[in-house]
Amino acid sequence: MKAIDQLNFPVAVKRTGRRKTVALNVTQGVVHVTVPRRLTDKKIAAILLQKELWIRKKLITDAARPALQPRAFSNGETFAYLGRNYRLELYAGIRSGVKFRQGRLWLSVPGELQADDRKQHIRSQLTQWYLARATRWLEAKTQAFATRMGVKPGRIEVKYFKSRWGSCSNDGTIKYNWRIIMAPHRIVDYLVVHELAHLVHHNHSPKYWKFVESCLPDYRDSRCWLKEHGRLLSLEEAPVANVENR
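Residues numbered from 1 in each chain as written. Predicted model: local features only at pLDDT ≥ 70, side-chain atom pairs only at ≥ 80, totals over all residues. Heavy atoms only, no water.

(A) Representation of unusual backbone geometry. Positive phi is not limited to glycine here, since phenylalanine 73 has a value of about 55°. Counting through the fold element by element, phenylalanine 73 comes out in the loop between β4 (68-70) and β5 (78-81). Even without a glycine there, the phi angle at glutamine 102 is positive, about 55°. In this structure, glutamine 102 sits in the loop between β7 (98-101) and β8 (104-109). (Helix = DSSP H or I, 4+ residues; strand = E, 2+ residues; numbered from the N terminus.)

This is the structure we're talking about:
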C-alpha cells in the first residue's frame, strides 16, 4: 500500500514541473497537495504527517462551511454587492441592463425566452452589471490608494479569474477579479493595497507585508476573511436557501 493511502484523511496529489515547493489546500473534505513532479509518495506522506494538526483543523473548518448549490437565477434570489445581499426582482420587458434601486436588483426578461435562454440572459445581464460596478469602484480605489502609497500604477484591468483575485505585472499593469466587488469595502481595499504594494516589492517578503501593514494596519483580518469567504463571492453558486421569502 502506498504511504499516502495509509493516511487517515483523503488526499489528492497533483504533480507539476512548475513548483519547487509543496502547496496544501483543503476543499470539500479533501486535502489537495500540489508538489514538484519528482517528489516521491513517501516524501509527500511525511510532509502531510508533519502538517497533520493543521490539516485536521482545516478539515473541521471546511466541514462547517455552508453547502453551496448552483444558482437558479430566479426571482427573489439574493446576490452580494459590497458585502450586502440584495434581492433580484425580475419583470417582463425587453430593456437590457440591471437597475439598482430601492435596495433591489431590477432586471427585465423578455417573455418569449425558454428556460435555458432565460437563465443565460439573467446571468449575462448580472455579469455585465457587476463588471461595470467593479470597474468603477476598483479604478477609483486604486487611484486613491496609489496617491496615499506614493506609487503610480499602469493600466487597470477588471476581468474574470478562476482562482486568483488580482495580479500586478512588471510594467505596472494591475488586474482585478470583478467578483471582489461582492465583498465588503474593507476587503476590496485590501486587494487594491495588496496589488499596489507589488509596485514597490515584487514578492511576498517580510518587507512587502510590512509595507502593506503601513497602509492597512488590519490587513491580516481582511486577508483571512478573503481566504475563508472567497468561495462565496460567486455568480454561479450560492449557499443553500439563498432565495428569500416574499
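(B) Representation of helix α6 (residues 219-229) in the model. Within α6, burial applies to Tyr219, Ser222, Trp225 and Leu226. Looking straight down α6, one finds its buried side chains confined to an arc of 120°; they lie on one side. In α6, the exposed positions that point more than 90 degrees away from the buried face belong to Asp221 and Lys227. The secondary structure elements touched by the buried residues of α6 are α4 (185-197) and α5 (206-215). (Buried < 20%, exposed > 50% of the residue type's maximum accessible area, 1.4 Å probe, protein only. Arc of directions from axis to C-beta. Contact = heavy atoms within 4.5 Å.)

(C) Expanded view of the packing of α4 against α5. In contact at an axis separation of 10 Å, α4 and α5 are set at 135° when each is read in the N-to-C sense. Relative to α5, the element α4 lies oblique. In this structure, the crossing between α4 and α5 has a hand that is right-handed. Counting all contacts with α4, which are made through Tyr190, Val193, His194 and Ala197, the residues of α5 involved are Tyr208, Trp209, Phe211, Val212 and Cys215. Counted by class, the contact of α4 with α5 contains eight nonpolar, one polar and no charged residues. (Axes fitted to C-alpha atoms, helices over the stretch in contact; angles between N-to-C directions. Parallel < 35°, antiparallel > 145°, perpendicular 65-115°, else oblique. Left-handed = near helix turned anticlockwise from the far one by under 90°. Nonpolar A, V, L, I, M, F, W, Y, C, P; charged D, E, K, R; others polar.)

(D) Spotlight on the sheet that holds β8. A sheet is described by the order of its strands in space; here four strands give the open sequence β5-β6-β8-β7, paired in mixed fashion. Each edge of the open sheet carries a strand with a single partner, namely β5 and β7. Looking at each pair of strands side by side, their axes are set apart by 35° on average, direction ignored. Sheet topology note: the β7/β8 ladder contains four bridges and is antiparallel. Residue pairing across strands places lysine 99 opposite tryptophan 106, the latter belonging to β8. Along the sheet face, helix α3 (residues 115-149) touches β5, β6 (84-92), β7 and β8 and points at about 135° away from the line of β8. (Pairing = 2+ DSSP bridges.)

(E) Quick look at the side chain of asparagine 177. Position of asparagine 177 among the secondary structure elements: in strand β11 (residues 174-177). Residue classification places asparagine 177 among the buried positions, given a relative accessible area of 0%. A distance of 2.7 Å separates a polar atom in the side chain of asparagine 177 from the backbone oxygen of phenylalanine 161. (Polar contact = N/O pair within 3.5 Å; in protein donor to acceptor, adjacent residues only side chain to side chain.)

(F) Geometry of the pairing of β6. Here β5 runs beside β6; their pairing, made up of four bridges, is antiparallel. Looking at β6, one finds that threonine 78 is bridged to arginine 87. Hairpin connection from β5 to β6: two residues lie between these consecutive antiparallel strands, with leucine 82 at a positive phi of about 50°. Two elements, β6 and β8, share six bridges in a ladder whose sense is parallel. Paired with leucine 88 across the bridge in β8 is leucine 105.

(G) Representation of helix α2 (residues 52-64) in the model. For α2, with 13 residues, the first-to-last C-alpha span of 18 Å sits near the 18 Å given by 1.5 Å per residue. Where α2 is concerned, the buried positions are Ile55, Leu59 and Asp62. With its buried residues spanning 65° around the axis, α2 presents them on a single face. For α2, the exposed residues set more than 90 degrees away from the buried face come down to Leu53, Lys57, Ile60 and Ala64. In this structure, the buried side of α2 is in contact with β2 (23-27), β3 (30-36) and α1 (41-50). (Expected span 1.5 Å × (residues − 1).)

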